[in-house]
Every structure is written in C-alpha cells, then in structure tokens.
Amino acid sequence: MADIDSGSGQPVPRKRADARRNEATLLDAAASAFVTSGVDVPVRDIAARAGVGVGTIYRHFPTRADLIVAVYRHQVEACAEAGPTLLASSGTPHAALASWINLFVDFLVTKHGLAEALQSDNAAFETLHAYFIDRLVPVCAQLLDAAATAGEIRADVNAFELLRGVGNLCIGAGDPRYDARRMVGLLIAGLRQR
C-alpha cells in the first residue's frame, strides 16, 4: 500500500509500524536537541539522544534541512492529530480548545533556532508555512466551532486570527520576565461567552 507524500505528490511506500516508531523516536530526539541547542546541534548529539548511530540519521535524513523539515512536519502532525482527540476526551469543547492551544504554544515556544532556519533561502523550507496553515487552521476551526456551538465562546472568532494572535504572544517567550503561556491563557479566557 502506498501513501501520497504531501510535499511532492508522489506515491511513497508505507513504512512498517516499527519503522514509523523508530523514525518518531529519532524525530522526537532531534526536536528535543533543537530546543536545548538550536537547529545547528551536532548530529552525533541527536544520535546519542535517539540511541542510534549517526549513520542511521543520515540514512533517513541525508541533509540537516531534511531533518529540520521532518521534525517540523512531525510536530505539526502531532498537534493536528491532538485536536479531535482532545475534543472527544475533554469535559467541554472550551476545555479541549484550551488544552489544544497549550499544545500549540508548546510547539511555538520550542522552535529555538527553527524560525531563523525557515527564513533561509533553502528550498526545502519553502512549503512549510503553507503546510502549517493547511494542517492547523482547520483543527483550530473545528475546536472553535464546537465551543461556539456549545455556547461557551463567542461565535465570531476566526481560527487563522486566533493562531496568529497566539503566535504573536509567543514571540517574547525566551525572556524570563515574560510569561507567554499566561498571556495566551488570558486570551483564551477572553473568548468566553458572557
């Protein structure tokens, strides 16, 4: 069975479950290394975190740009997949929205060095912003619609605007005098229907 690679539109063979788990472990290790040391962290450090050899990383991701793109996509997918799960398991749609926005904040504030890499002229990064928007805006819209339908929040909130606002609130997250999560919490509380 084949999947369509969302970046190229070409069919790619489906990986075995254990290969997908191993790749997820490697991507999680790379993401963790990026958080603590930036995207220029030595590949040997990522390999050590993942418990694999350096060759394994290069076999899966021949260039650093390939690894950065894969980590970014992996994290976007995890955030996108969490939305419906939270909506199904949370006590209220507003609680699901608040939990999901917290995951989104985690995604944003842990991109140490990634934003700079994405601004480079490397062609591998060109489609990532559109991918991010295409995957996360509909999830946010679903959560907003559910909360509005339940009468918990205002009905006039646009998903793109909310994600953009949250993103702007997270810009100063590296400053110890600024609590981005608190500010985002105030924003989400402000959506409540009075």
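Residue positions within a chain follow its written sequence, with the count starting from 1. For this predicted model, a pLDDT threshold of at least 70 governs which residues receive local features, and a threshold of 80 or more governs which side-chain atom pairs are given and counted, while totals over whole chains, interfaces and linings are taken from all residues. Working from all heavy atoms in the structure, the side-chain values ignore hydrogens and water.

### Considerations on the pattern of salt bridges
Under the convention used in this document: A pairing counts as a salt bridge when a side-chain nitrogen of Lys or Arg comes within 4 Å of a carboxyl oxygen of Asp or Glu. Helical segments are the DSSP runs of H or I of at least four residues, strand segments are the runs of E of at least two, and each set is numbered from the N terminus. Per-residue accessibility, obtained with a 1.4 Å probe over protein chains only, is compared with the maximum for each type, and a residue is labelled buried under 20%, exposed over 50%, and partly exposed between these values.
Going through the model one piece at a time under the given rule, you end up with four salt bridges. Among the ionic pairs, Asp106 bridges to Arg181, the shortest N-O distance being 2.3 Å. Taken as a pair, Asp106 in helix α5 (residues 93-109) and Arg181 in helix α9 (residues 180-190) lie far apart in primary sequence, 75 residues in all. Residue Arg181 is classed as partly exposed on the basis of its relative accessible area of 34%. As a salt-bridge pair, Asp175 and Arg177 come within 2.9 Å of each other at their nearest N and O atoms.

### Section: the nonpolar core
Rule in force here: As used here, the term nonpolar core means buried Ala, Val, Leu, Ile, Met, Phe, Trp, Tyr and Cys residues forming a set that is joined through side-chain atoms within 4.5 Å.
Counting 55 residues, the largest nonpolar core has Phe34, Leu67, Trp100, Ile101 and Leu136 as its most contacted members. Elements that contribute at least two residues to this core include exactly α1 (17-37), α2 (43-50), α4 (64-89), α5, α7 (128-149), α8 (159-169) and α9. Per-element accounting of this core gives the leading share, twelve residues, to α4.

### Some words on α9
Here is the rule: In this description, one arc is meant: the one made by directions from the helix axis to the C-beta atoms. By definition, residues are in contact when any of their heavy atoms lie within 4.5 Å. Here a polar contact is taken to be a pair of N or O atoms separated by no more than 3.5 Å, where protein atoms must pair a possible hydrogen donor with a possible acceptor and residues adjacent in sequence count only if both atoms sit in side chains.
Among the residues of α9, Ala180, Val184 and Ile188 are the ones counted as buried. All buried residues of α9 fall inside an arc of 70 degrees around its axis, so they share one side. Buried residues along α9 sit in contact with α5 and α8. Backbone nitrogen of Arg181 and a side-chain oxygen of the N-cap are separated by 3.3 Å at the start of α9; the cap is Asp179.

### What to know about the packing of aromatic side chains
Heads up, the rule is: We call Phe, Tyr and Trp rings a pair once their centres come within 6.5 Å, taking the six-membered ring for Trp, and we label the pair stacked below 30 degrees between planes, edge-to-face above 60, and tilted otherwise.
Following the criterion strictly, the structure yields six aromatic pairs and no others. Between Trp100 and Phe104, the ring centres sit 5.9 Å apart and the planes meet at 10 degrees, which makes this aromatic pair stacked. In this pair, Trp100 and Phe104 are both assigned in helix α5, four residues apart and thus about one turn of the helix distant. The burial state of Trp100 is the same as that of Phe104; both residues are buried. Measuring from centroid to centroid gives 5.8 Å for Phe107 and Phe132, while their planes differ by 20 degrees, and the two rings are stacked. In this pair, Phe107 is assigned in helix α5 and Phe132 in helix α7, connecting sequence segments 25 residues apart. Since its relative accessible area comes to 6%, Phe107 is described here as buried. The structure contains a cluster of three or more aromatic residues connected by ring pairs, namely Tyr72, Trp100, Phe104, Phe107 and Phe132.

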